[in-house]
Amino acid sequence: MPENNIDVQQLIRTLKSGLDQYLQEHDRNDPLFVGIHTGGVWIAQRLHTLFSSTHPLGALNIAFYRDDFSRIGLHPRVTPSSLPFDITGRHVILVDDVLYTGRTVRAAMNELFDYGRAASICLAVLVDRSGRELPIRADVTGTSLALNADQHIKLSGPDPLKLVVSTTA
Amino acid sequence: MTPHTIQLDQHGRLKHFLTTEGLNRQTLTSILDYAESFAGVSGRAVKKVPLLRGKTVANLFFESSTRTRTTFELAAKRLSADVLNINIATSATNKGETLQDTLHTLEAMHCDMFVVRHGNSGAAHFIAGQVAENVHVINAGDGRHAHPTQAMLDMFTIRRHKPDFESLRVAIVGDIAHSRVARSEIHALNILGVSDIRVIAPKTLIPDNIESLGVRVFHDLTEGLQDVDVIAMLRLQRERIKNAVLPSEEEYFRCFGLTGTRLRVAKPDVIVMHPGPINRGIEIDSQVADGDRSVILQQVSHGIAIRMAVMAMVMGAAPDSSGGDN
């Protein structure tokens, strides 16, 4: 496995061309970009620039929608969500760095619905890794990786963006 | 255990919120930061997050209150909790049920949190000592002791306007002797690093030894307000006049009422706070209360965000394991 030297820029280019194709096939124009804190926002920023979007960038912090609150309490730091537009009737591209269990995406969609009724939501992730616990899949991915449960993948950034795979000892 | 030790769990996290006294700066800053995140919820299409879904919050008000109770109620509802409002003055305690019996009855109904307002100092602390391990208590004002969520919403309001606590000059004006708000504010300001805290009141309304809390005492309003960044007004209880601690309302306003003229000695960008309800023409002039330096209505909105933050924090400090995932 190409550990520790995954080319993030290449994955973002793959994600961009995948999204171009997806939007064309589904006849969706002028989408809004919404990243999930923290890594998803970094990727959404890159895509937002590549698509020359004229809309502001949205950022979701799903801390208040997590399903593990009663087990672990509040996350230590919660940057407020910011959706500086009305999503009702709009096509939304929801962006995250890593899709793993699917729980974060579930929470993010619940939160999006509390802002309004989007016309559609498309899920774009940099890395689609194995280990799904919910019936959620990405529409567009930069790459897919088969990782064991003891392997972790983490995006660091925002500049430079680096993907690191590690294994719990 | 004292109020400030009983309110923390073994990891130092808030499990009850009884007083600002004895907390560290990091805890107070977390409350303010979480409140900042929750403040956005009020502006959305759906003004709710599902954090406390399925939890039950009981508002136990042994003393009447409109704004504190309603903002606690709204805060709990915006966190998706179910809320019971129990006005104890008209309920079972009048039929001879003891406070302990009332608590145990409510616990048997699986309430997860008690928000307590009581005329006796130490009431919330007493209740926190009685409840089961998984039940949380928030002090919504106990006697002359503490009103920590009011103090924190005041800190939030200050930080929104003037984020550099260390450099601030803050004056608290009014009935310091009987005010739980003043006491909680003084502790919070000290913890957040404010070095110039002043209390301004007639001698009869200043408690002995207040200087030991790290404040300077003024008996002259104009002198005390010199160059201050923040003025925290207190509500004057009319009983103080009936009880002859003060000569008359007119006399009090003449000496300690906040007027536009007096405001001029403060910094030009001074903010004026008041916990409400306001006694217009007694402690504050209407022109000031409704003027451009007043942040009194912002305080009410901030109260919801602060109470959401505190409720979420104490409820999140449940005993258990850890771990997160994507």
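Because the structure is predicted, anything quoted here is derived from the model rather than measured.

All names here are of chain B. Here strand E8 (residues 230–233) shows two buried faces, one formed by Val 230 and Ala 232 and the other by Ile 231 and Met 233. Alignment of strand E5 (residues 169–173) against E8, held across four bridges, turns out to be parallel. Of the residues in E8, the one forming a bridge with Ala 171 is Ile 231. Looking at chain direction, E8 and strand E9 (residues 271–273) are connected through three bridges and run parallel. Note on E9: the bridge partner recorded for Ile 231 is Val 272.

A word on the interface of chain B and chain A. With 26 residues of chain B at the interface, the matching set in chain A holds 28 residues. Between chain B and chain A the total buried area reaches about 2100 Å² when both faces are included, carbon and sulfur atoms providing 55% of it. For the pair chain B and chain A, the interface holds two salt bridges. Between Arg 44 of chain B and Glu 111 of chain A there is a salt bridge, with the nearest N and O atoms lying 3.5 Å from each other. The tally of links between chain B and chain A comes to five residue pairs in polar contact (both at pLDDT 80 or more). Mapped by element, the contributors of at least two residues to the side of chain B that touches chain A are helix H2 (25–39) and helix H13 (296–316) of chain B. Per-element tally for the side of chain B that touches chain A: the top contributor is H2 of chain B, with five residues. The class makeup of the residues in the side of chain B that touches chain A is 12 nonpolar, seven polar and seven charged.

Before going further, it helps to examine the pairing of E5 of chain B. Residue and element names in this part refer to chain B. Most of E5 is tucked away: four of the five residues are buried. Bridge count between E5 and strand E6 (residues 196–200): five bridges; the pairing is parallel. Along E6, the bridge assignment pairs Val 170 with Ile 197. At this point the chain moves from E5, through helix H7 (residues 180–191), to the parallel E6, and the crossover so formed is right-handed.

What follows deals with the domain arrangement of chain B. Residues and elements named next belong to chain B. Examined at the domain level, chain B breaks down into domain 1 (3–146 + 302–315) and domain 2 (148–300). Contacts between domain 1 and domain 2 engage 36 residues on the former and 30 residues on the latter. Buried area between domain 1 and domain 2, summed over both chains or domains, comes out near 2800 Å², and the portion from carbon and sulfur atoms is 58%. There are 16 residue pairs in polar contact (both at pLDDT 80 or more) connecting domain 1 and domain 2. Contributions of two or more residues to the side of domain 1 that touches domain 2 are made by H2, helix H3 (67–78), strand E3 (113–118), strand E4 (136–142) and H13. At nine residues, the largest contribution of residues to the side of domain 1 that touches domain 2 is made by H2. Here the residues of the side of domain 1 that touches domain 2 are counted per class, giving 13 nonpolar, 13 polar and 10 charged.

A negative phi holds for most residues other than glycine; trans holds for most peptide bonds. A cis amide bond, omega -5°, links His 37 of chain A with the succeeding residue Thr 38 of chain A. Each neighbour pair has its own omega, and for Gly 157 of chain A with Pro 158 of chain A the value is 5°, a cis peptide bond. Along the chain, Pro 158 of chain A turns up in the loop between strand E6 (151–156) and strand E7 (162–167). Of note, the phi angle at Ser 52 of chain A is positive, near 50°, even though the residue is not glycine. Relative to the helices and strands, Ser 52 of chain A resides in the loop between helix H2 (39–50) and strand E2 (58–60). Of note in this structure, Asn 209 of chain B is not a glycine but carries a positive phi near 70°. Here Asn 209 of chain B falls in the exposed class, since its relative accessible area comes to 60%.

Residue and element names in this part refer to chain B. For H13, which comprises 21 residues, the first-to-last C-alpha distance of 30 Å matches the rise-based estimate of 30 Å (1.5 Å per residue) to within 8%. Of all bends in H13, the biggest is about 25°, found at His 302. Counting buried positions over the 21 residues of H13 gives 17, a clear majority of the element.

Okay, the packing of aromatic side chains next. Under the counting rule described, the total for this entry stands at three aromatic pairs over all chains. With a centroid separation of 5.3 Å and 45° between ring planes, the pair formed by Phe 33 of chain A and Phe 51 of chain A is classed as tilted. Pair noted here: Phe 33 of chain A is in strand E1 (residues 32–36) and Phe 51 of chain A is in the loop between H2 and E2, with a separation of 18 residues, a long-range link. For Phe 33 of chain A, a relative accessible area of 1% gives the class buried. Over the ring of Tyr 100 of chain A we find Arg 129 of chain A, and its NZ or CZ is 3.9 Å from the ring centre. One residue, Arg 307 of chain B, lies across the ring of Phe 72 of chain B, its end atom 4.8 Å from the ring centre.

Once that is clear, we can look at the sheet that holds strand E2 (residues 82–87) of chain B. Residue and element names in this part refer to chain B. With parallel pairing, the four strands of this open sheet are ordered in space as E2-E1-E3-E4. The open sheet has two edge strands, E2 and E4, and neither has a second partner. Neighbour-to-neighbour, the strand axes of this sheet turn through a mean angle of 15°, independent of strand direction. Here five bridges tie E3 to E4, and the two strands are oriented parallel to one another. Each bridged residue has a counterpart across the sheet, and for Val 116 the counterpart in E4 is Asn 139. Sitting on the sheet, H13 is in contact with strand E1 (56–61), E3 and E4, with an inclination near 145° to E4.

Rules behind the numbers
- Residues numbered from 1 in each chain as written.
- Chains lettered and ligands numbered in written order.
- Predicted model: local features only at pLDDT ≥ 70, side-chain atom pairs only at ≥ 80, totals over all residues.
- Heavy atoms only, no water.
- Buried < 20%, exposed > 50% of the residue type's maximum accessible area, 1.4 Å probe, protein only.
- Helix = DSSP H or I, 4+ residues; strand = E, 2+ residues; numbered from the N terminus.
- Pairing = 2+ DSSP bridges.
- Contact = heavy atoms within 4.5 Å.
- Buried area = accessible area lost by both parts, 1.4 Å probe.
- Salt bridge = Lys/Arg side-chain N within 4 Å of Asp/Glu carboxyl O.
- Polar contact = N/O pair within 3.5 Å; in protein donor to acceptor, adjacent residues only side chain to side chain.
- Nonpolar A, V, L, I, M, F, W, Y, C, P; charged D, E, K, R; others polar.
- Right-handed = clockwise from strand over helix to strand, strands pointing away.
- Domains from an automatic or database assignment.
- Expected span 1.5 Å × (residues − 1).
- Bend = angle between axes of the 7 residues up to and from the residue.
- Phe/Tyr/Trp six-rings, centres within 6.5 Å; stacked < 30°, edge-to-face > 60°.
- Lys NZ or Arg CZ within 6 Å of the ring centre and 35° of its normal.
- Axes fitted to C-alpha atoms, helices over the stretch in contact; angles between N-to-C directions.

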